[in-house]
Every structure is written in structure tokens, then in C-alpha cells.
Amino acid sequence: MITLEDWALIRRLAGEGVPKAQIAARLGISRTTVVKAVASDAPPKYERRAVSTSFTPFEPVVRQLLAKTPDMPATVIAERVGWTGSITWFRDNVRRLRPEHRPVDPADRLTWLPGDAAQCDLWFPPRKVPLEDGSKTLLPVLVITAAHSRFMVGRMIPTRHTEDLLLGMWMLLQQLGAVPRRLIWDNEAGIGRGKRHADGVGAFTGTLATTLVRLKPYDPESKGLVERRNGFFETSFMPGREFASPADFNAQFGDWLTRANARIVRTIKAHPVDLLEVDRAAMLPLPPVPPAVGWANRVRLGRDYYVRVDSSDYSVDPAVIGRFVDVSADLSRVEVRHEGRLVAAHDRVWARGMTITDPVHVAAAKVLREDYQRPRPAADPDEGLVRDLADYDRAFGLIDGGLTDGAVNGVIDGEEVA
């Protein structure tokens, strides 16, 4: 078989009028080869002639199995058909046949109307962030992308718990200035799994009057806008950056998003910030009453005057030990109240397993402990025991029984009375 260069040279010489016999003599090939090269419309390509192999007798049965169960492992297929040869050779042939029997899942091009939807996702930056106890860890970043305008908002949050996810969503929607009619999520555990939303998600969306859509598994295309932006963050925002704390990350990320939203998006040929007003005008307004979000719990304060939020403990005024207190927390603050009165307030820590103590609470506990341990004065044995002796006479019926005062007095004085 001639090479691609020879095929091109033959066609060029033939086009210049050189006789085919002369071309064949010049290149050292047969005249028939020259004729075929001139008549062909494509360069020569080697194609191996199909021959029968050891797999050929098994191929029809393998196709039948793949038609019923496209994902059946090659080892199981080999056992079913009675294959005794090389399993590697068998796997190679099954791998060749499997795409022909796998069901097709086409992905449509979606059109996003103004105000219709926003896609939500968690992005994990590939760099650990320092926390309050000196440790470093990977923290999630909640990102929302308005589908029509491609406007992006995002914020780092401490955990993937439902409480922190709803807190982050509410803060980002306030930045957006309106509520999209649909919030699109994947099967994030803090949002819901299966057919049920996580606790608190239904009340949150009900207050916002919006709909939360959770996608089916293996459907990344329906959330492709925000998924692609996660890669954009890693290639355009992360390189060369260092972060001193989660607050520092949020400050840098917010400043960068301001510039990123002013860039032209190739698919829509516009700046997201320029389309935001049209997108926002078609969204739902923010609710007049904020949704109930955050960590909330009601507990009876024990002798160990601490309450737990997430995995850390926070001190409380020991004066309310034994009483019920209401614990609430958002992304930055923890507050404890008793009958509406504030009895503790702390900055929330994002590190795990920390104990946060207010020195005022320790001092108050010391005073209460010393007062409890101080010996109490003994009661006077004579105090309150003075009583008219006639009360005892009447109680025992001595006066009504005809005893004289002298006899009574004799008994009391210890003398015998006949």
C-alpha cells in the first residue's frame, strides 16, 4: 500500500498531465496502483480483513446478554457463556460491544427565562483554610448562579448541615435582591434525599414562596451552569491566593465575583451584571418576614453551664442553671436566652470540638459555688417552742376530765398524782 505522500504526489503529477506509466516508473510502483490512486477520492487507509477469532462463536450470546443487561460485568458474562480462554481478551471484546447496547440518555439544550431559576451547588476549594484552633481544613462554598443572567454569588460556610445551608442561601438571596421562582439543587444530603426534603427546607421555601427542585441522580447537565463555574473558580480565582481565615476567603471571593460578573460570558455574549436587572425584575420579591433559619434548640441548662452548637460548647450565665434556655446561632454568632432575656452571646467558631468560655460566667459560677458551700447557721432549739401549757391540757382532755389545776401542775412538775 502506498503512503499518503505518494498518493498526493501521484494525483499532482497526474493533474499536470504526466503519463501514468511514467509516474509508475518514477515511483517504482505498478501502473495499476497509479490508476487506483488517481480514481480514489480519499487517501489510502489500511483496514484489517475481518477474520474469525476465538471470541466469534460467543459473540451472539454475549450480545443477547448485553441487550438485556448492558451493565453486566464481563466476568459474569464469561461465566454465563462458558468462556475458558483469556479473561483480558474477553473483556476487550465485551468493551467493544457494550456501547452498542447501552441505552442513550440525550441532553437537551435548555433555555432559561428571566427570573425562572437559579442553580445552587457546593464548591470545595482545593486549599485548606486556617480555623480558630490553628487547624486547617477544606470548607464548602455555597454558590448560586442566576440561570438567565449568569450572575454569581457565593459564600464559604462552616458545614454542610441543613441549618448552615439555609443560612447561606438566605444571605446569598439577599445579595441577589430577589428570589428566583425555582432553586435547583442536586441530591445534597442537607437539602434532601429521595422524595423528601430535609427538615426545615419546606418551611424555608414556603416563606420565600419559591420552589426547590432536586434533580434526579446522574443528571449533571440540568445543573451545568453552576457546575462549570466551579471549574472557573479553580482556574481563575484560586491560583496564587492565600487565606488567613474563612472571613478572609469571603472578602477575597466577594471582591473577585464583582469583577467576574462584569466580564462577557461567551454563551450569552453579555455581561451578567447588565442582565441582572431584567432577571431580578421577573423574580419574586424578598419576603417581608425573614424565614426562620439557623441553629435553634431549647434545653434545660445543667450544672455544667454550657450549651452545644454543632460540635462546640459555649458558656451560659450560671444563674439560670436548672431552667430552660433557648439557643440560637447563625454563621457568625451564638446567643442564649431565658424567657427572652439574653444570658449568653459568643462569636461562633468554625473549628470542631472547641469550648468557648466567657470569664464573666466563670466568675459568677465561682460566687454561686462559694455561696452554696458556705455553712448555714444552726437553728435556735428554743426558738418557736414557747406555748401555753393549757393547749396541751385541752389536747389530752385533762381539763374536761375534772382534774384540778393543782393536779395538772403536779403532773407537769413531775409529782405523782393518785
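Please refer to the structure placed before this passage.
Residues numbered from 1 in each chain as written. Predicted model: local features only at pLDDT ≥ 70, side-chain atom pairs only at ≥ 80, totals over all residues. Heavy atoms only, no water.

Student: Mind laying out the overall build of the protein, listing which residues take part and the relevant values?
Tutor: Of regular secondary structure, the protein possesses 14 helices and 16 strands. For the protein, whose C-alpha radius of gyration is 42 Å, the value lies well above the compact-globule estimate of 22 Å for 418 residues. Considering only C-alpha atoms, the protein reaches an extent of 170 × 65 × 40 Å along its principal axes. Taken across its 418 residues, the protein has 37% of its residues classed as buried. Partitioning the intrachain contacts of the protein with sequence separation of at least 6 by distance along the chain shows that 61% fall at a separation of at least 24. Averaging the locations of the 56 positively and 54 negatively charged side chains of the protein gives two centres separated by 19 Å. (Helix = DSSP H or I, 4+ residues; strand = E, 2+ residues; numbered from the N terminus. Rg over C-alpha atoms; globule rule 2.2 N^0.38 Å. Buried < 20%, exposed > 50% of the residue type's maximum accessible area, 1.4 Å probe, protein only. Contact = heavy atoms within 4.5 Å. Lys, Arg positive; Asp, Glu negative; His and termini not counted. Charge placed at Lys NZ, Arg CZ, Asp CG, Glu CD.)

Student: Can you break down the sheet that holds strand β9 (residues 211-214) residue by residue, with the values?
Tutor: The five strands are arranged β5-β4-β1-β6-β9 in an open sheet whose pairing can be described as mixed. The two strands at the open ends of the sheet, each matched to only one other strand, are β5 (152-156) and β9. Averaged over all adjacent pairs, the angle separating strand axes in this sheet is 20 degrees, with direction ignored. Sheet contacts for helix α10 (residues 246-260): β1 (117-123), β4 (141-146) and β5; angle to β5, the most-contacted strand, approximately 170 degrees. (Pairing = 2+ DSSP bridges. Axes fitted to C-alpha atoms, helices over the stretch in contact; angles between N-to-C directions.)

Student: An account of the pattern of salt bridges is requested, with residue identities and associated values reported.
Tutor: Where side chains of opposite charge bring their charged atoms close, a pairing between them can arise. Taken as a whole, this structure holds 21 salt bridges when the rule is applied. Of the charged contacts in the structure, one is a salt bridge between Glu16 and Arg12, with a shortest N-O distance of 3.1 Å. A residue is classified by how much of its surface remains accessible, and Glu16, at 53% relative accessible area, is exposed. The partner of Arg298 in a salt bridge is Asp326, with the nearest N and O atoms 3.0 Å apart. Of the two residues, Arg298 sits in strand β10 (residues 295-300) while Asp326 sits in strand β13 (residues 324-329), which places them 28 residues apart along the sequence. For Asp326, a relative accessible area of 32% translates into the label partly exposed. A network of salt bridges, in which partner residues are shared, links Asp121, Asp186, Lys223 and Glu227. (Salt bridge = Lys/Arg side-chain N within 4 Å of Asp/Glu carboxyl O.)

Student: Tell me about the nonpolar core, and please be specific about residues and values.
Tutor: With 39 residues, the main nonpolar core has Trp123, Phe249 and Phe253 as its most contacted residues. Contributions of two or more residues to this core are made by β4, β5, α9 (224-237), α10, β11 (306-309), β13, β14 (333-338) and β15 (341-347). In terms of residue count, the dominant contributor to this core is α10 (five residues). Those residues in contact with Trp123 that sit more than four places away from it in its chain are Leu139, Pro140, Val141, Val143, Asn230, Phe233, Glu234, Phe237, Met238, Phe249 and Phe253. (Core = buried A, V, L, I, M, F, W, Y, C linked by side-chain atoms within 4.5 Å.)

Student: Tell me about the sheet that holds β11, and name the residues and values.
Tutor: Overall, mixed pairing links the three strands, which are arranged β11-β12-β16 in an open sheet. The sheet is open, and its two borders are formed by β11 and β16 (355-356), each paired with just one other strand. In terms of strand pairing, strand β12 (residues 312-315) meets β16 through two bridges, oriented parallel. The residue of β16 that forms the bridge with Asp313 is Thr355.

Student: Tell me about the packing of helix α1 (residues 4-15) against helix α3 (residues 31-39), and please be specific about residues and values.
Tutor: Following both chains from N to C, one finds α1 and α3 inclined at 85 degrees, their axes separated by 9 Å at the closest point. The angle between α1 and α3 falls in the class roughly perpendicular. Residues Trp7, Ile10, Arg11 and Ala14 of α1 pack against Val34, Ala37 and Val38 of α3. Of the residues that constitute the contact of α1 with α3, the class distribution is six nonpolar, no polar and one charged. (Parallel < 35°, antiparallel > 145°, perpendicular 65-115°, else oblique. Nonpolar A, V, L, I, M, F, W, Y, C, P; charged D, E, K, R; others polar.)

Student: Describe in detail a nonpolar patch on the surface, supporting the description with residues and values.
Tutor: A cluster of nonpolar side chains, contributed by Leu389, Tyr392, Phe396 and Leu398, occupies part of the molecular surface with about 420 Å² of accessible area. Mapped onto the secondary structure, Tyr392 falls in helix α13 (residues 390-396). Overall, Tyr392 belongs to the partly exposed group, its relative accessible area being 42%. (Patch = residues over 30% accessible without salt bridge, like charges linked within 9 Å, V, L, I, M, F, W, Y side chains within 5 Å. Areas by Shrake-Rupley, 256 points an atom, 1.4 Å probe, with all protein chains shown as cover.)

Student: Can you tell me about the layout of surface pockets, naming the residues and giving the values?
Tutor: Of the pockets and cavities examined, the largest pocket occupies roughly 930 Å³. In terms of lining, the largest pocket is formed by 29 residues, of which the most central are Trp112, Arg150, Gly224, Leu225 and Arg228. In terms of residues, the lining of the largest pocket owes the most to one element, α9, which gives five residues. Grouping the amino acids of the lining of the largest pocket by side-chain chemistry returns 13 nonpolar, six polar and ten charged. The space that makes up the second largest pocket amounts to roughly 300 Å³. Considering the residues around the second largest pocket, the lining is formed by Arg303, Tyr305, Pro318, Ile321, Ala365, Leu368, Arg369, Tyr372 and Gln373. (1 Å grid on protein atoms, 1.4 Å probe; cavity = no way out; pocket = protein on both sides within 12 Å on 5 of 7 lines; lining within 4 Å. Points joined across faces, edges and corners; volume = space filled by probe spheres on them.)

Student: Summarise helix α11 (residues 272-281); cite the residues concerned and give the values.
Tutor: For α11, the full list of buried residues reads Pro272, Leu276 and Asp279. Buried residues of α11, seen end-on, are gathered within an arc of 80 degrees and therefore sit on one face of the element. Exposed and facing more than 90 degrees away from the buried side of α11 are Asp274 and Ala281. Against the buried residues of α11 lie β4 and α7 (162-176). (Arc of directions from axis to C-beta.)

Student: A description of the side chain of Ser312 should follow, citing residues and the corresponding values.
Tutor: The residue Ser312 is located in strand β12 in this model. A polar side-chain atom of Ser312 sits 3.3 Å from the main-chain carbonyl oxygen of Ala351. Ignoring any residue separated from it by four or fewer positions in sequence, one finds Ser312 in contact with Val307, Val349, Ala351, Arg352, Gly353 and Met354. (Polar contact = N/O pair within 3.5 Å; in protein donor to acceptor, adjacent residues only side chain to side chain.)

Student: Account for the packing of aromatic side chains, with residues named and values stated.
Tutor: By the definition in use, this model includes 19 aromatic pairs. When the centroid spacing of 5.8 Å and the interplanar angle of 40 degrees are considered together, the rings of Trp123 and Phe253 count as tilted. Remark: Phe253 occurs in helix α10 and Trp123 occurs in strand β1; sequence separation between them is 130 residues. For Trp123, a relative accessible area of 2% puts it in the buried group. When the centroid spacing of 5.3 Å and the interplanar angle of 90 degrees are considered together, the rings of Phe233 and Phe253 count as edge-to-face. Residue Phe233 is located in helix α9, and its partner Phe253 is located in helix α10; the two are separated by 20 residues in the primary sequence. (Phe/Tyr/Trp six-rings, centres within 6.5 Å; stacked < 30°, edge-to-face > 60°.)

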